[in-house]
Amino acid sequence: MTRTFTVSITRKPGLSDPEGTTTRKALIDLGFTDVSHVSFGRTIVVTIDAPDEDEARAQIEAMCVKLLANPVMESYVVEASS
Amino acid sequence: MTIAVIVFPGTNCEHDIIHALGLAGAESEHVWHRDTDLSGAHGIVLPGGFAHGDYLRTGAIARFSPIMEEVARLADAGVPTLGICNGFQILCEAGLLPGALVANRDLKFICRPTHLRVESTDSVLTRAAEIGQVLRIPLNSYEGNYVADDIDNVENAGDVILRYSDAAGHVDSTTNPNGSTNSIAGITNAGRNVAGLMPHPERASEKILGSDDGMALIEGFVASTGLVDA
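What you are looking at is a predicted structure, and each value in this text was computed from that prediction instead of being measured.

1. Re the overall build of chain A
So, point 1. Counting its secondary structure elements, chain A contains two helices and three strands.
So, point 2. Of the regular secondary structure in chain A, the N- to C-terminal order runs β-α-β-α-β.
So, point 3. Over its C-alpha atoms chain A spans a radius of gyration of 16 Å, topping by over 25% the 12 Å that the globule rule assigns to 82 residues.
So, point 4. Principal-axis analysis of the C-alpha atoms places the extent of chain A at approximately 50 × 30 × 15 Å.
So, point 5. Buried residues in chain A amount to 13% of all 82 residues.

2. Let's talk about the overall build of chain B
So, point 1. Scanning chain B from terminus to terminus reveals five helices and 11 strands.
So, point 2. In terms of overall size, chain B behaves like a compact globule, its C-alpha atoms giving a radius of gyration of 16 Å where 230 residues would be expected to give roughly 17 Å.
So, point 3. Taking the principal axes of the C-alpha coordinates as reference, chain B spans close to 45 × 40 × 35 Å.
So, point 4. In chain B, which comprises 230 residues, the proportion classed as buried is 57%.

3. Regarding the interface of chain B and chain A
In many analyses, interface size is given as the accessible surface area lost on bringing the parts together.
So, point 1. With 14 residues of chain B at the contact, the number on the chain A side is eight residues.
So, point 2. Split by residue class, the side of chain B that touches chain A holds seven nonpolar, two polar and five charged.

4. Brief notes about the environment of Gly 186 of chain B
All names here are of chain B.
So, point 1. Here Gly 186 is to be found in strand E10 (residues 184-188).
So, point 2. Considering only alpha carbons, one finds Gly 186 and Gly 83, 103 residues apart in sequence, at a separation of 9.6 Å.
So, point 3. Apart from the residues within four sequence positions on either side, Gly 186 is in contact with Leu 125, Ile 161, Leu 162, Ala 195, Gly 196 and Leu 197.

5. Looking at helix H1 (residues 14-23) of chain B
All names here are of chain B.
So, point 1. Listed in full, the buried residues belonging to H1 are Glu 14, Ile 17, Ala 20 and Leu 21. Relative to the axis of H1, the buried residues are bounded by an arc of 125° and lie together on one face.
So, point 2. For H1, the secondary structure elements touched by its buried residues are strand E1 (3-7), strand E2 (28-32), strand E3 (43-46), strand E4 (81-84) and helix H5 (215-225).
So, point 3. At the exit of H1 stands Gly 25, carrying a positive phi of roughly 95°.

What counts and what doesn't
- Residues numbered from 1 in each chain as written.
- Chains lettered and ligands numbered in written order.
- Predicted model: local features only at pLDDT ≥ 70, side-chain atom pairs only at ≥ 80, totals over all residues.
- Helix = DSSP H or I, 4+ residues; strand = E, 2+ residues; numbered from the N terminus.
- Rg over C-alpha atoms; globule rule 2.2 N^0.38 Å.
- Buried ≥ 20, exposed ≤ 12 C-beta atoms within 10 Å, placed from the backbone.
- Contact = placed C-beta atoms within 7 Å.
- Nonpolar A, V, L, I, M, F, W, Y, C, P; charged D, E, K, R; others polar.
- Arc of directions from axis to C-beta.

Written as structure tokens, this is what we have:
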């Protein structure tokens, strides 16, 4: 069965995120003065043939560790798309 | 084979480094990333460029090119291995050097000469230089900002070989062009046979290019391959 997952990759806390910092400043200039943090990341949508969701998820997790994310600088979250 | 210069789709400094290695007396040859045999190579260089378009992350896809298993095998066996700019990014992604390179602090592509202070001569790249020596070598990168999950480990292990400085060798935040952690411009591995740096020594290989300071590094690397007497 074909299943689709969304992998959200974000910069690890503590690493500089100049796009996030600059965008937060712009939001504050626009009047959204309560914005305390903005961070940028990347979304990757992967569709895979797998017999069940657990197997599919295990493969996506393996892809994240091996290629999609770099654990030195990034964290990731895998979510099944409906 | 002499020194293998690995060429990925998108590599663009492979001719420059062969020229510079030649100035240091070494023959070298291009090896396509889909090849799988480096037997007989006395040294390996991963040159600059944009391997596989830098898609996903710099070096992330190149790190799985077929030749990289062979690069890792030789690097583990002690063969001198050098990554310049994109090559440095690939060696980090491959886990042959610690850390990673992220976007420059000011989100600008930086293309200008930088000064580098030699921090250690215990590497295949810096063995012919002197500690404290300042080299003027151009930087040409967007993702040149060095980070590591445990920077203290990298520092305490003596892995830092080059830092961005001013012409007098002074290092502080004002001499750091890209936000690199601790102004790190180049590092080596525990075995001291793998080295990477963001600036391009091959672009400072002759006076006519504005500086020949890069030859202090290139000559050291060539000497470490045993192809030319030190």
